[in-house]
Amino acid sequence: MSKERLINFYRMMYKIRMFDEICIDLKLNDIIMDGFHPYQGQEAVAVGVCSALENTDYVLSTHRPQGHALAKGCEPRKVLAEMAGRLGGIGNGKGGPMNFCDWPNRFLCTSIVGDGIPLSTGLGLAIKAKKRKEIVVSFFGDGATNTGAFHEGLNLASIWNLPILFVCENNQYTEATPISKAVRIEKLSTRSMSYGIEGVTINGDDILNIYDTATKMVEKIRKGEGPILLEIITYRFRGHYMGDPENYRTKEEVEEWKKKDPIPKFRNYLLETQTCKEEEINTIEKNIREEMKGIKEWVLKQPIPTLEILTRNVY
Amino acid sequence: MGIKTTHSYPRNTNKKCVLEVMIMSREITFAEAINEAIQEEMTRDDNVFLIGEDVGVWGNLFGVTKGLLEKFGPMRVLDTPISEAAITGCGVGAAMLGMRPIVEIMYIDFITIAMSQIVNHAAKLKYMSDGQIEIPIVIRTQQGVGLRNAAIHSQSLENWFVHVPGLIVVMPSSPYDAKGLLKSSIRCNNPVIFIEHKKLYRTKGEVPKEEYLIPLGKGEIKRPGKDITIIGTSWMVTKALKAAEILEKEYSIEVEIIDPRTLVPLDEDIILSSIKKTKKCLIVHEAPKTGGWGGEIAALIMEKALDYLDAPVLRLAGLDVPIPYGEVENLLIPNEKDIINTVLKLCNKMGIDFLEGIV
C-alpha cells in the first residue's frame, strides 16, 4: 500500500477525532443542540470501510453519522454547519446532527435505528434494475440488529441478491444497555446465517484489516455475489450523547478500551514501519487542528435559516 | 379523436355533449381502472415498477394487478415476503434513485408495520435534505368494511396520513377518478398514499379509453344541488348519491355532493363555494368520528365561511368503536338512511335544539 494512502488513513481518522472535539465544544455551548452523538473510538470503522469505496458508491448512516460522512467525502464545514442548525449546512440546518443528506456525495443518514437498512435495499434494487455498478454500504449499530427493519431488510437483500455491504458497528451498547443483555448470541454476524449470506466479525482497532476486509467484500458485491454482513467490534469512548451519565459502565472499562484506541495505534504503526517521521505526523495533526478551528469560526458566522427556508421543500 | 381535457370530467351533470357520451360509453370496474392506470404508466415510464405482497402471480387479493407480471416481467412486478417495513423502505430507497415505485400494502391495517418508513422517511427526506432528494412513491392500499373481517382488517386510517406534512392523500370514489388520480399520483414527485375501498373494486363506471389525468388537489361536484352540501369520501360518496336521489324524489331537497378526491392537497375552493351557495353542510366518512377528517373540514368551514352558515356543520362518521366481526360491521358506519335523516333535520329545522338525537 502506498505511503500516501497510509497517511490518508491517519489524516482522516485524526480529522474525524478533531471534528468530534469541535462538536463537543459546540454542544457544551449549546450551539449544536440535541441529537449529537460522539464518534470517538470508532474512527477506524468509518475510514477503513469508506476507503474501500468508489466516490459513486452510496453510504447510508445512522444517528452517529459524522465519521462516516467525513470519510465518504462530505465537506466538514457543511456537516458542522448542519449540526449547528445553520444556513450553509448540507441541508441548510434543517435536518441537524443525525438526519442530514449530502446527495451529490451519495451520503444519507437517518436517526431511526435500523430504518436505513430497508432504505438501502431500495438503493440496491434501483442500482440492479438500472444495471449500474455502484454498491451500497449500510452502516448501523449493534442495537439495530434487534429491529424488525434489520431482519426484513437483510432478508429482502438476500433473496434479491442486492449489492449491499451491511456494516454492523458493534460499539457494545445499545444506548445504555449492553448488547450482551440484548442478544443471546456471541457474534452478531452469525445472524447472516438466517438469510443465507456471508457474515464476518473483525476488530475495529486495526484500520488496515478493516480496509482489507471491506475491499475484498466490496469487490465480491460489485461482481454480483450478493450482500454481506460485516460486524466490526469497536467501542465509543464518550457517552451515547453529551451529558450521558454513563452509569451503565465503569471508568475502568472505558480506560481498558482506550488502550485499543485505533488512532494512536495506527500512529505507532506509521512510526514503527518508518512510513513517516514524527515531525511529519505532527505537522499533519497541527494542520488538521487549525483547519477545524477555522471551520468552527466559519460556522459560528453562519446565520440560522429564515422562515422561508424552514417552510420550503415540504412538497 | 380524443378528449383534450386533462381535468375532472363533469359527467354527472352533463347531458350536453354527444361526443363525450360516446367516448364515455365504455364501463369498467374500479379494479380494472386501477389496473389500466398501472399498465399505462409502466408502459410510458420504465422507472415505474410494482412491489408488494402477492401482486405478481396472484395478481393481488382482489385481482387488481392481474396480468401485470405476465406483461412486465419479474423485475418490474415484484412479489415480496410479508415484510411491510422492508417493502415500503425499499420503495423509498428506490425512489431516491429516480425510480417510481408503486408499493402495495394489502390492507391499510398492515401499514402500521410500515409507518416509520412512510412517516419518518418518505414524508421527511425532501424537507430534511432541503430539496436534495425527492420521493416519487405511490403507496397503494385498501381500507374499510366489506369483507366482514373484523377490527384489524377493516379500519379506515386516512387521517393518520393527512396529519403528516409531506404526504399526499388520495381517496377515489369511482373508476374514472381512480384511474385518472392514480396516473397523476404515479407522475407526482411527492409520496402519495393512495387509499382504495374494498367495497368499490367491483363497482362499474364510465372510463374513457383515451388517456386522461385528474390533477391532485381538485375536487369534483358529484351531484349539483342548492339546498345542502354533503362532503364525502370514497365509498361514502356512493351512499350519499343514493341518499340524494331519495331526498330529491321524496322530499324535493336538492343535495350538492362534493368529493374532494384528494384529502391533501385539499380543494378548499370547491368546498367553500358550495357552502356559500347551500349554507348547510354535512360531512360523511367511514372512519371514526373522533380525530377524524370531518372535524378538520368542519373547522375549515367555521374559519372561512361561518357567516354563510344557516346551521352548524354536522358530521356523520363511524362510531368510535373497533369494527366487529361479521355482517354487523355495517351497523357501525354511516348508511343511506343516516344520511337522509340527518339531511332532513338539517334542512327542516334551524337552531341548536335540532341537534338532539343526531349527535
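Predicted, not measured: the structure shown is a model, and the values here were computed from it.

## Considering the overall build of chain A
Here is step 1: Helix and strand counts for chain A stand at 12 helices and 9 strands.
Here is step 2: Against the compact-globule benchmark of 20 Å for 315 residues, chain A has a radius of gyration of 19 Å, which places it among compact chains.
Here is step 3: When its C-alpha atoms are laid out on the principal axes, chain A stretches across 55 × 50 × 40 Å.
Here is step 4: For chain A, buried positions account for 50% of its 315 residues.
Here is step 5: Taking contacts inside chain A between residues at least 6 apart in sequence as the whole, the part at least 24 apart equals 75%.

## Some thoughts on the interface of chain A and chain B
Here is step 1: Counting from both sides, the interface comprises 28 residues of chain A and, opposite them, 29 residues of chain B.
Here is step 2: Of all elements in the fold, only helix H5 (116-129) and helix H6 (148-159) of chain A reach the threshold of two or more residues within the side of chain A that touches chain B.
Here is step 3: Split into classes, the residues belonging to the side of chain A that touches chain B amount to 13 nonpolar, 12 polar and 3 charged.

## Some details on the pairing of strand S8 (residues 198-203) of chain A
Here is step 1: In the sheet, S8 of chain A pairs with strand S9 (residues 228-233) of chain A via 6 bridges, with the strands oriented parallel. Paired with Asn 203 of chain A across the two strands is Ile 233 of chain A, which belongs to S9 of chain A.

## Overview of the pairing of strand S2 (residues 48-52) of chain B
Residues and elements named next belong to chain B.
Here is step 1: Extensive coverage of S2 is indicated by the burial of 5 of its 5 residues.
Here is step 2: Along S2, one buried face is formed by Val 48, Leu 50 and Gly 52 and the opposite face, lined by Phe 49 and Ile 51, is buried too.
Here is step 3: Note: S2 against strand S4 (residues 100-105), 5 bridges, orientation parallel. Its bridge partner being in S4, Val 48 is matched across the sheet by Arg 100.
Here is step 4: With 3 bridges connecting them, S2 and strand S3 (residues 77-79) associate as parallel partners. What sits directly across from Gly 52, in S3, is Asp 79.

## Section: the sheet that holds strand S2 (residues 101-102) of chain A
Residues and elements named next belong to chain A.
Here is step 1: Strands sit in the order S2-S3-S1-S4-S5-S9-S8 across an open sheet of 7 strands; the sheet is mixed. Lying at the two open borders of the sheet, with one neighbouring strand each, are S2 and S8.
Here is step 2: Summarising the sheet, S2 and strand S3 (residues 107-109) pair through 2 bridges and their orientation is antiparallel. Bridge pairing in S3 links Cys 101 to Leu 108.
Here is step 3: Strands strand S5 (164-170), S8 and S9 of the sheet are contacted by helix H8 (residues 207-222), whose axis makes an angle of about 170° with S9.

## Looking at the sheet that holds strand S12 (residues 262-264) of chain B
All names here are of chain B.
Here is step 1: Taken together, 7 strands build an open sheet; the order of strands is S3-S2-S4-S5-S7-S6-S12 and the sheet is mixed. On the outer flanks of this sheet lie S3 and S12, each paired with one strand and no other. Pairwise comparison of adjacent strand axes, ignoring direction, gives a mean angle of 20° for this sheet.
Here is step 2: With 4 bridges connecting them, S4 and strand S5 (residues 138-143) associate as parallel partners. Paired with Glu 104 across the two strands is Arg 140, which belongs to S5.

## Some points on the environment of Ile 301 of chain B
All names here are of chain B.
Here is step 1: Locating Ile 301 in the fold gives a position in helix H11 (residues 293-305).
Here is step 2: Distance from Ile 301 to Glu 268, taken between C-alpha atoms, is 9.1 Å for residues 33 residues apart in sequence.
Here is step 3: Look past the residues within four positions of Ile 301 in its chain and what remains in contact with it is Ile 275, Cys 281 and Val 313.

## Details of the nonpolar core
Here is step 1: Ranked by internal contacts, the top residues of the largest apolar core, which has 187 residues, are Met 13 and Leu 165 of chain A together with Ala 240, Leu 282 and Val 343 of chain B.
Here is step 2: Each of domain 1 (18-206) and domain 2 (220-350) of chain B contributes no fewer than three residues to this core.
Here is step 3: Among residues more than four places away in sequence, those in contact with Ala 240 of chain B are Ile 230, Gly 232, Ile 257, Val 284 and Ile 339 of chain B.

## Regarding the environment of Glu 53 of chain B
All names here are of chain B.
Here is step 1: By secondary structure assignment, the location of Glu 53 is in the loop between S2 and helix H3 (68-72).
Here is step 2: Along the chain, Glu 53 and Ile 105 lie 52 residues apart, while their C-alpha atoms are 7.3 Å from each other.
Here is step 3: Every residue in contact with Glu 53, bar those within four places of it in the chain, is listed here: Thr 80, Ile 82 and Met 106.

## Concerning the domain arrangement of chain B
Residue and element names in this part refer to chain B.
Here is step 1: As far as domains go, chain B holds domain 1 (18-206) and domain 2 (220-350).
Here is step 2: Taken together, the 23 residues of domain 1 in the interface contact 26 residues of domain 2.
Here is step 3: Those elements that provide at least two residues to the side of domain 1 that touches domain 2 are helix H7 (158-162), strand S6 (168-170) and helix H8 (175-187).
Here is step 4: Of the residues assigned to the side of domain 1 that touches domain 2, the class counts are 12 nonpolar, 7 polar and 4 charged.

## Describing helix H4 (residues 76-83) of chain A
Residues and elements named next belong to chain A.
Here is step 1: Within H4, 8 of the 8 residues are buried, leaving the element largely enclosed by the surrounding structure.
Here is step 2: Listing the buried residues of H4 in full gives Pro 76, Arg 77, Lys 78, Val 79, Leu 80, Ala 81, Glu 82 and Met 83.
Here is step 3: At the C-terminal side of H4, Gly 85 shows a positive phi close to 70°.

## As for helix H2 (residues 30-44) of chain B
Here is step 1: With 15 residues, H2 of chain B extends 21 Å from end C-alpha to end C-alpha; this agrees with the ideal 21 Å at 1.5 Å per step.
Here is step 2: If you check which residues of H2 of chain B are buried, you get Phe 30, Ala 31, Glu 32, Ala 33, Ile 34, Asn 35, Ala 37, Ile 38, Glu 41 and Met 42 of chain B.

## A look at the packing of H5 of chain A against helix H4 (residues 84-96) of chain B
Here is step 1: Where H5 of chain A meets H4 of chain B, the axes come as close as 6 Å, and the angle between the chain directions of the two elements is 50°. Accordingly, the angle class assigned to the pair H5 of chain A and H4 of chain B is oblique. The two elements H5 of chain A and H4 of chain B cross, and the hand of that crossing is right-handed. Across from Pro 118, Leu 119, Ser 120, Thr 121, Gly 122, Leu 123, Leu 125 and Ala 126 of chain A in H5 of chain A, the residues of H4 of chain B making contact are Ala 85, Ala 86, Gly 89, Cys 90, Gly 91, Val 92, Gly 93, Ala 94 and Met 96 of chain B.
Here is step 2: Looking at the contact of H5 of chain A with H4 of chain B, its residues break down into 11 nonpolar, 6 polar and no charged.

## Remarks on the confidence of the model for chain B
All names here are of chain B.
Here is step 1: Summarising the model, chain B shows a mean pLDDT of 92, and 90% of its residues fall at 70 or more.
Here is step 2: Confidence drops under a pLDDT of 50 for residues 1-17, and excluding neighbours within four residues, the segment shows 20 contacts in the predicted structure.
Here is step 3: In the predicted structure, residues 350-355 sits below a pLDDT of 50 and forms 4 contacts with residues beyond four places in sequence or in another chain.

Reading guide: rules and limits
- Residues numbered from 1 in each chain as written.
- Chains lettered and ligands numbered in written order.
- Predicted model: local features only at pLDDT ≥ 70, side-chain atom pairs only at ≥ 80, totals over all residues.
- Helix = DSSP H or I, 4+ residues; strand = E, 2+ residues; numbered from the N terminus.
- Rg over C-alpha atoms; globule rule 2.2 N^0.38 Å.
- Buried ≥ 20, exposed ≤ 12 C-beta atoms within 10 Å, placed from the backbone.
- Contact = placed C-beta atoms within 7 Å.
- Nonpolar A, V, L, I, M, F, W, Y, C, P; charged D, E, K, R; others polar.
- Pairing = 2+ DSSP bridges.
- Axes fitted to C-alpha atoms, helices over the stretch in contact; angles between N-to-C directions.
- Core = buried A, V, L, I, M, F, W, Y, C linked by C-beta atoms within 7 Å.
- Domains from an automatic or database assignment.
- Expected span 1.5 Å × (residues − 1).
- Parallel < 35°, antiparallel > 145°, perpendicular 65-115°, else oblique.
- Left-handed = near helix turned anticlockwise from the far one by under 90°.
- pLDDT = per-residue confidence, 0-100.

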